[in-house]
Amino acid sequence: LAKKEACGTFRVATPDDHAAAQDRLVLGSALRESLAKGLLNLHYQPQVEAKTGALYGVEALSRWHHPHLGNIFPSRFIAVAEDTGQIEAIGAWCLEEACRQIVKWDRDGIVVPAVSVNLSAGHFRKRQLPEMISNLLTQFGIAPTRLTVEITESVMMDEIKDTMDVLHAIRALNVGLSMDDFGTGYSSLSRLTRLPLTEIKIDRSFIMNLEHDANAQAVTTAVIGIGNRLGMTVITEGVETEAQYELLESLHCDVMQGYLFAKPMAPKDLETWYRQPRKIMPAMQKAQAQKQ
Ligand code: C2E
Ligand code: MG
Ligand code: MG
Ligand code: MG
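Calculation notes
- Residues numbered from 1 in each chain as written.
- Chains lettered and ligands numbered in written order.
- Predicted model: local features only at pLDDT ≥ 70, side-chain atom pairs only at ≥ 80, totals over all residues.
- Heavy atoms only, no water.
- Axes fitted to C-alpha atoms, helices over the stretch in contact; angles between N-to-C directions.
- Helix = DSSP H or I, 4+ residues; strand = E, 2+ residues; numbered from the N terminus.
- Parallel < 35°, antiparallel > 145°, perpendicular 65-115°, else oblique.
- Left-handed = near helix turned anticlockwise from the far one by under 90°.
- Contact = heavy atoms within 4.5 Å.
- Nonpolar A, V, L, I, M, F, W, Y, C, P; charged D, E, K, R; others polar.
- Core = buried A, V, L, I, M, F, W, Y, C linked by side-chain atoms within 4.5 Å.
- Buried < 20%, exposed > 50% of the residue type's maximum accessible area, 1.4 Å probe, protein only.
- Donors = N, O, S within 2.8 Å, 3.2 Å for Na, K, Ca; no water.

(A) Region of the structure containing the packing of helix H3 (residues 87-107) against helix H4 (residues 129-140). In the contact formed by H3 and H4, the axes pass within 10 Å of each other and the chain directions differ by 25°. Looking at the two axes, H3 sits roughly parallel to H4. For H3 against H4, the interelement crossing comes out right-handed. Packed against H3, whose contacting residues are Ala 92, Leu 95, Glu 96, Cys 99, Arg 100 and Val 103, the element H4 presents Leu 129, Met 132, Ile 133, Leu 136 and Phe 140 at the interface. In terms of residue class, the contact of H3 with H4 is made up of nine nonpolar, no polar and two charged.

Following this line, the structure appears as structure tokens:
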């Protein structure tokens with residue numbers, strides 16, 4: 001088994017390739033079956049406004065528990081879905097499930113301003129995507145601003161006109177468009193300005209090293225500055241400590257997402273979290289005192 005590399009060169013297959021091929025075969029068909037049986041579900045992670053602690057939105061993250069294979073991480077099954085042509089089905093399922101959840105929360109008096117859904121690069125090559133989203137919004141009676149679509153930098157690498165048209169058509173619906181994991185790919189800041197983005201999410205790898213790594217801090221500071229200047233909301237991922245929160249707040253980061261506030265949770269647990277008193281940081285107390 002040899003894998004085709006870029007420019008038509010070949011290399012000898014490694015044990016890793018066999019493992020990956022095995023994954024595609026076994027997990028690929030298990031995934032198809034689970035998807036059909038409705039065995040995938042979404043967990044939701046809160047995104048919190050840095051200044052006030054208010055709920056800004058939640059990110060929907062796929063979870064798969066297979067009856068025999070157990071819990072399979074999204075980092076693994078999303079790759080399998082991409083390789084086995086199932087990523088669009090997963091994306092469509094996520095969008096629909098998120099819409100259904102928004103309606104349910106509205107009915108139950110849980111105020112979740114927006115839900116963010118991750119979509120893979122392949123999905124954006126489909127011209128039908130904007131229409132599919134628009135149909136879902138109509139079907140569920142949801143305002144477009146309640147939904148955000150997260151893309152990764154690999155979508156931007158695709159400078160095909162079709163992909164760009166799809167991104168603009170989604171934005172024209174007034175659905176949010178978020179650049180996920182920013183800083184990990186190869187995109188340039190100038191390219192960032194050419195996309196109709198409403199949000200930038202700075203990757204966790206920068207936040208992890210923030211306090212001890214001058215480079216991570218420089219990049220984070222610059223991206224927050226540029227994002228704000230361009231009128232985008234800047235979200236930091238993977239905020240785990242109060243020290244990271246304090247530093248990011250002082251850098252004027254708008255919104256934070258991470259274990260410090262909450263892990264991704266099943267809808268029931270999110271409802272419990274919603275009804276509990278929120279975690280209040282010292283800087284938030286200041287904002288609340290000023291409001292009174
Ligand atoms: P992502 O979109 O960047 O999602 C954030 C990931 O960081 C999630 O991992 C989340 O659980 C984790 N995380 C959040 N806060 C913290 C923190 O404070 N510390 C640490 N260590 N981790 C934190 P998860 O759920 O395992 O998902 C991994 C990736 O898989 C996602 O990264 C996303 O790229 C992909 N993914 C998940 N669900 C879907 C999906 O439905 N569709 C697509 N296309 N991709 C998905
Ligand atoms: Mg994401
Ligand atoms: Mg991310
Ligand atoms: Mg990430």
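From this point, the discussion proceeds with the structure in view.
(B) Spatial organisation of the nonpolar core. Membership of the largest hydrophobic core comes to 80 residues, with the highest contact counts inside it found for Val 115, Phe 124, Ile 133, Ile 151 and Tyr 245. Once you skip the residues sitting within four places of it in the chain, Tyr 245 turns out to touch Ala 50, Val 239, Met 256, Leu 260, Phe 261, Met 281, Ala 283 and Met 284.

(C) Looking closely at the coordination of the magnesium ion (ligand 4). The protein atoms donating to the magnesium ion (ligand 4) are Asp 181 (OD) and Glu 237 (OE), with metal-donor distances spanning 2.2 to 2.7 Å. A spacing of 3.1 Å is found between the magnesium ion (ligand 4) and the magnesium ion (ligand 3), which share Asp 181 as a donor. You can see Asp 181 sitting in strand E8 (residues 176-182) and its partner Glu 237 sitting in strand E10 (residues 233-237), a full 56 residues away along the chain. On the basis of relative accessibility, which here comes to 24%, the residue Asp 181 falls in the partly exposed class. With a relative accessible area of 11%, Glu 237 lands in the buried category.

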